[in-house]
Every structure is written in C-alpha cells, then in structure tokens.
Amino acid sequence: MTRTIGKPLKVAAVGLGWVTTHRHLPTLRENPHYQLIGVIDSQARVQTIAQQYNCTHLQQTDTLENIPWLDEVDAITIGTPPETHYSLIKTALQLGKHVLTEKPFAMTVAEGEELVTLAKTQGLTLGIVHNFQFASSTQRLLHDIKSGCFGKIKAIVAQQLSNPRRRLPAWYEQLPLGLFYDESPHFFYLVSKIAPGSLKLLQSDIFPSTLKQVTPAAINLQYQCDSTEFGTLPVSINMNFEAPISEWHLTVYGENYLGDIDIFRDIYIRLPNDGLHTTRTVIRTSAFATWQHWSQHFTSGIKHLRGTLRYGNDVVFSRFAEAAITGCELEDIGAINALSVLKMQHEAIGFHR
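Being a predicted model, the structure only gives us computed values, none of them experimental.

Reading the values: rules and limits
Residues numbered from 1 in each chain as written. Predicted model: local features only at pLDDT ≥ 70, side-chain atom pairs only at ≥ 80, totals over all residues. Heavy atoms only, no water. Phe/Tyr/Trp six-rings, centres within 6.5 Å; stacked < 30°, edge-to-face > 60°. Buried < 20%, exposed > 50% of the residue type's maximum accessible area, 1.4 Å probe, protein only. Lys NZ or Arg CZ within 6 Å of the ring centre and 35° of its normal. Pairing = 2+ DSSP bridges. Helix = DSSP H or I, 4+ residues; strand = E, 2+ residues; numbered from the N terminus. Axes fitted to C-alpha atoms, helices over the stretch in contact; angles between N-to-C directions. Contact = heavy atoms within 4.5 Å. Parallel < 35°, antiparallel > 145°, perpendicular 65-115°, else oblique. Left-handed = near helix turned anticlockwise from the far one by under 90°. Nonpolar A, V, L, I, M, F, W, Y, C, P; charged D, E, K, R; others polar. Right-handed = clockwise from strand over helix to strand, strands pointing away. Polar contact = N/O pair within 3.5 Å; in protein donor to acceptor, adjacent residues only side chain to side chain.

Focus on the packing of aromatic side chains
Thinking step 1. Applying the stated criterion to the full structure yields 7 aromatic pairs.
Thinking step 2. Their ring planes at 90 degrees and their centres at 6.4 Å tell us that Phe 180 and Phe 188 sit as a pair that is edge-to-face. The pair Phe 180 / Phe 188 is uniform in exposure class, with both members buried.
Thinking step 3. One residue, Arg 167, lies across the ring of Trp 18, its end atom 3.9 Å from the ring centre.

Focus: the sheet that holds strand E6 (residues 126-128)
Thinking step 1. Here we have 6 strands laid out as an open sheet, ordered E3-E2-E1-E4-E5-E6, and parallel in their pairing. The two strands at the open ends of the sheet, each matched to only one other strand, are strand E3 (57-60) and E6. Neighbour to neighbour, the strand axes of the sheet diverge by 20 degrees on average, direction disregarded.
Thinking step 2. For strand E5 (residues 98-101) and E6, the ladder comprises 3 bridges, and the chain directions are parallel. Note on E6: the bridge partner recorded for Thr 101 is Ile 128.
Thinking step 3. Along the sheet, helix H2 (residues 45-52) makes contact with strand E2 (34-41) and E3, crossing E3 at roughly 165 degrees.
Thinking step 4. This element, helix H8 (residues 313-326), spans strand E1 (9-14), E2, strand E4 (75-78), E5 and E6 of the sheet and lies at about 165 degrees to E5.

Some points on the packing of helix H1 (residues 18-30) against H8
Thinking step 1. Between H1 and H8, the shortest axis-to-axis distance is 10 Å and the interhelical angle comes to 60 degrees. One way to sum up the angle between H1 and H8 is to call them oblique. Of the two elements, H1 crosses H8, and the hand of that crossing is right-handed. Contact residues: Arg 23, His 24, Thr 27 and Leu 28 in H1; Asn 313, Asp 314 and Phe 317 in H8.
Thinking step 2. Of the residues belonging to the contact of H1 with H8, the class tally is 2 nonpolar, 3 polar and 2 charged.

Structural notes on the sheet that holds strand E10 (residues 231-240)
Thinking step 1. With mixed pairing, the 7 strands of this open sheet are ordered in space as E8-E9-E10-E7-E11-E12-E13. If you trace the sheet from one side to the other, it starts and ends with strand E8 (198-207) and strand E13 (267-272), each paired once. Each strand of the sheet is rotated relative to its neighbour by a mean of 15 degrees, with strand direction disregarded.
Thinking step 2. The sheet contact formed by E8 and strand E9 (residues 218-227) spans 9 bridges and is antiparallel. Bridged to Lys 200 within E9 is Gln 224.

Considerations on the pairing of E9
Thinking step 1. Pairing geometry for E9 and E10, over 10 bridges, is antiparallel. Paired with Tyr 223 across the bridge in E10 is Val 235.
Thinking step 2. The hairpin formed by E9 and E10 contains 3 residues between the paired strands.

Topic: unusual backbone geometry
Thinking step 1. Residue Lys 103 is joined to Pro 104 through a cis peptide bond whose omega torsion reads -20 degrees.
Thinking step 2. Tracing the sequence through the fold places Pro 104 in the loop between E5 and helix H4 (109-122).
Thinking step 3. Phi at Leu 177 takes a positive value of approximately 60 degrees, unusual for a residue other than glycine.
Thinking step 4. In this fold, Leu 177 is placed in the loop between strand E7 (153-161) and helix H6 (179-194).
Thinking step 5. A positive phi angle, near 60 degrees, is found at Lys 212, a position not held by glycine.
Thinking step 6. Here Lys 212 is to be found in the loop between E8 and E9.
Thinking step 7. A relative accessible area of 84% places Lys 212 in the exposed class.

With respect to the packing of helix H5 (residues 136-147) against H6
Thinking step 1. Viewed as axis vectors pointing N to C, H5 and H6 meet at an angle of 25 degrees, and their least axial separation amounts to 11 Å. Classified by the interaxial angle, the pair formed by H5 and H6 is roughly parallel. In terms of crossing hand, the pair formed by H5 and H6 is right-handed. Taken together, the residues of H6 that come into contact with H5 (itself represented by Thr 138, Leu 141, Leu 142 and Ile 145) are Leu 190, Lys 193 and Ile 194.
Thinking step 2. Here the residues of the contact of H5 with H6 are counted per class, giving 5 nonpolar, 1 polar and 1 charged.

What about the pairing of E3?
Thinking step 1. Looking at chain direction, E2 and E3 are connected through 4 bridges and run parallel. Bridge pairing links Val 39 to Leu 58 in E3.
Thinking step 2. Once you follow E2 into H2 and on to E3, the crossover reads as right-handed.

Describing the side chain of His 57
Thinking step 1. By secondary structure assignment, the location of His 57 is in strand E3.
Thinking step 2. Looking at His 57, its side chain comes within polar contact range of the side chain of Glu 72, at 3.2 Å.
Thinking step 3. Setting aside its immediate chain neighbours within four residues, His 57 contacts Ile 37, Gly 38, Val 39, Trp 69 and Glu 72.

Written out as structure tokens, the structure is:
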C-alpha cells in the first residue's frame, strides 16, 4: 500500500527491553513520521512504558496473534531476543504490517530467505537495525574514503574487545556461539559497507571459552577483498570476548592516512602517514590523536551523557518510515542486506566446522 509522506506511520513496539526503551522508543518519539499507538511485551513493564509514552494500546503477551487493536497499526518494531525474531516477523508480515527489527533477523539462512520472499510477496517493507553505518563517525570515514584523500586503501581491520562483566542480555548464551551471533552483524555490515570490493573468507579461527561458556574466547576472521580500484587487500574481523576492557574499533589503512572509528564513543580519528617515524612525526601523531579524541567528546560525549546519542538509529528509522510510507526501496538496511550479513555469520561458523 502506497501512502503520502504527510501521513505518519502508526506503529506498535514489540519487546520492551533495553534496546527498545533506550533506542527505539526515544527515536520514534522524535520522528514526526511515526505515531506510536501501542506497546507489546510479555512482562508487566508494558503498563509503565505505555503510560510513559502515552500509548493508546498495550498488550502483555509474547505473540502478535489475537491482538484486536493491531488492525490500527501500519508497522511493527521488534526488540525481542534474536530467537523470537523469525516467528514475530513472519506473523507481522502475514498480518500485512511493515517490520523494522533488531539484528540478527533470523537464526538460519533458510529462515532469512523465507522472510525476504514473504516481504516481497506481501509488498511490505522489512528493515533491520544495522545502525552504526549511519553514525557520525562512520559517515565521516566514508566521506574521506570517497574523497580519495586516503589514497590507495591497503587494509581494513575491525576489532572488538568485550569485557564479559559489561552489561549484556540474559539470553545471549542461548545463541550459536553466544555473544558472537548477537553482535557480529555490526561488524559484518560495517566491513561490507567500507570494503571497496567483494569479500572472500580465507580463514576462521575460533578459540574456545576459558569461562565454560558457549561464547568463545575469541574469533579471528580473515578475508580477501578484491577491488577493481585498489587491487587485492586484506580485511580482518577480530573479536575477543574475554578482554579486560570493552572497545569496538574499525580501522582503514591508506597510503596517506589511517582512519579509525571508535564505535562506542562515535569518534572518528584520522592520522597522516608518519613517513620515517621520526621524533617529530611521532609527536605529531600523538597530538593529532589526542586532540581529535578529546575534542569530539564535547559533542558525542555530551550526547552520551544526556542519552541522546543515537548511533545512527535516527537515520535507520527515518529511512524505514520513508520506504514504508512511499513504497520506495529501503537502502542499506533492507532484507536483502540483512540476508547477506546472515550468510556471512553462518559462513564464519561453518568454515570453522
């Protein structure tokens, strides 16, 4: 169904955990193209959140079936654990609702392919919250790459350090390779977005947990990127789940510059080639790095403290609303994009086995 952009999308939020209450609902409230009319959750918190957001409807349940007021809804947002995504998405699409869901959107490639086909058959928009590609830091890096200032791209490295003591969902150990399955989509879509060509998996090394968990101690993935512009270059994704600190970074090595995205802080640092690595250039690198890091804390840091740093969720929700309302194609966060990421996840797991 094609609508005019002037009409807001009537939406119900399903699953009222951390990501929905801290990302989805605040972003929905700020976007004039949405009208939040209902919330759904299996816990009693649904009543409190419905009052907080002045929702017309609420439902305490873990399914979308037999909810009469869903007839008033155009779209569903899903922020439940990954194992529930497939059934909720399928039901929502069968009910004629557009869907915006958290990643990963399915547990198997077959499920993902089924949902892609169903959305297309129903003529509905299916979007996935692959948000960090729209964060300010990522956009600045992409701008610099496009401008050509990096020169020849030599390598791309994505690095995740995860402290097992940090705030984590209760359900992540139930997933294939635990936390890897929940968090790796971020690195797969970021690397796919930034890489200048197709990616071929060369090696997947998975090191067992030392904490007796399903989540491994570390996963190191090595890809070959074939680019018509830069030739063949190495791309690495290294994830350590037993680190003493939590840091997420993506680094691009170019002829002229090194560019680094600090994903958690939404900070982008660009450092010039240090040539002979003399005392002067070493000091210059330190000065540039520290100045860029701390100066950006006055923008990203303040937003983080205020709870208004959206990490690209604002762009995701805007794109989804436009696609659902006008019927235009959903770029970068559509079902086809998500299926590609899902295949990369299972390829990494299957390569090891």
